[in-house]
Amino acid sequence: MIQTASGIKVLNRADLTKRLVGKLGEEAVVAGIGNANFDLYRAGHRAQNFYMLGSMGLACPIALGVALAQPERGVIALEGDGSLLMSLGCLATIATMKPRNLTLIIWDNGIYQITGKQATATSHATDIVAVARGAGIANSEWVRDEAHFEELIGRGFKQGGPALLAARIDDKPGEIQPPRDPALVRNRFMKGLGNAKAGVLDG
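Scope of this entry: the structure provided in the associated data block. A quick note: this is a predicted structure, and the numbers were derived from the prediction, not measured. Numbers given to residues run from 1 along each chain, matching the order in which its sequence is written. Local features are withheld for residues below a pLDDT of 70 in this predicted model, meaning they are given only at 70 or higher, and side-chain atom pairs are given and counted only at 80 or more; totals for whole chains, interfaces and linings count all residues. Where side-chain values are given, they derive from all heavy atoms of the structure, hydrogens and water being excluded.

Section: the pattern of salt bridges
- The salt bridge criterion pairs a side-chain nitrogen of Lys or Arg with a carboxyl oxygen of Asp or Glu, the two atoms within 4 Å. Scanning the model with the defined rule gives 7 salt bridges in all.
- We note a salt bridge from Asp15 to Arg19, for which the minimum N-O separation is 2.8 Å. Of the two residues, Asp15 and Arg19 are both situated in helix α1 (residues 13-21); the distance of 4 residues between them amounts to about one turn of the helix.
- Overall, the relative accessible area of 26% leaves Asp15 in the partly exposed class.
- Linking Lys23 and Glu150 is a salt bridge whose minimum nitrogen-to-oxygen distance equals 3.5 Å. Taken together, the positions of Lys23 in the loop between α1 and β3 (28-31) and Glu150 in helix α7 (residues 146-153) put the pair 127 residues apart, joining distant regions of the chain.
- Burial status follows relative accessibility: with a 1.4 Å probe on protein chains alone, a residue under 20% of its type maximum counts as buried, one over 50% as exposed, and anything between as partly exposed. Owing to a relative accessible area of 25%, Glu150 belongs among the partly exposed residues under this scheme.
- Connected via shared salt-bridge partners are Asp15, Arg19, Lys23 and Glu150. We count a stretch as a helix when DSSP gives it H or I for four or more residues in a row; a strand needs E for two or more, and each element gets its number in order from the N terminus.

Some thoughts on unusual backbone geometry
- Cis peptide bonds are those with omega within 30 degrees of zero, and the linkage from Gly161 to Pro162 qualifies with 0°.
- Here Pro162 lies in the loop between α7 and β10 (163-168).
- Notably, Lys98 is not glycine yet its phi reads approximately 55°, a positive angle.
- With respect to the element layout, Lys98 can be found in the loop between α5 (89-97) and β6 (102-108).
- For Lys98, a relative accessible area of 57% puts it in the exposed group.

Next up, the structure:
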């Protein structure tokens, strides 16, 4: 592992996603575009997974909506630094609404990986955890290493939020993509959350 000057290790995104999925029960997971949802699909496809397709910056707002609609269900957003930077205002809204069942997990590699590895603001001066705390999400912290990640996600997703966990991650590409069928993704997710109107779908 690479050790940064701040003492935070650069971790493998796919490995962390696999560790997360291993802890899940009935939690809903909204994964942002690109590698966040590629890794989630590979780690363990579930009806409670929602895979963003081409809508950059909306994983956290959609997860907020799910958390408010189903306050007894733990809800997790998996989002990249570039996507979060597009919608920083959502952090202030989340802090204001105070959903105790919402956890944001931010994968920060300092680049827009899918579009050509252009540098994001987090590779220069922007600290996602500091921004989140400034927005009012007091329970925000950097993941130090794999053991710390296990500890943080082991606390559960139904209480203590909103929380934001940010991890410095590598830029290894995801290996498997979920089906690019928006209606299928939406309806299967609705069914996974207990919406009887979702219909019966295969997969």
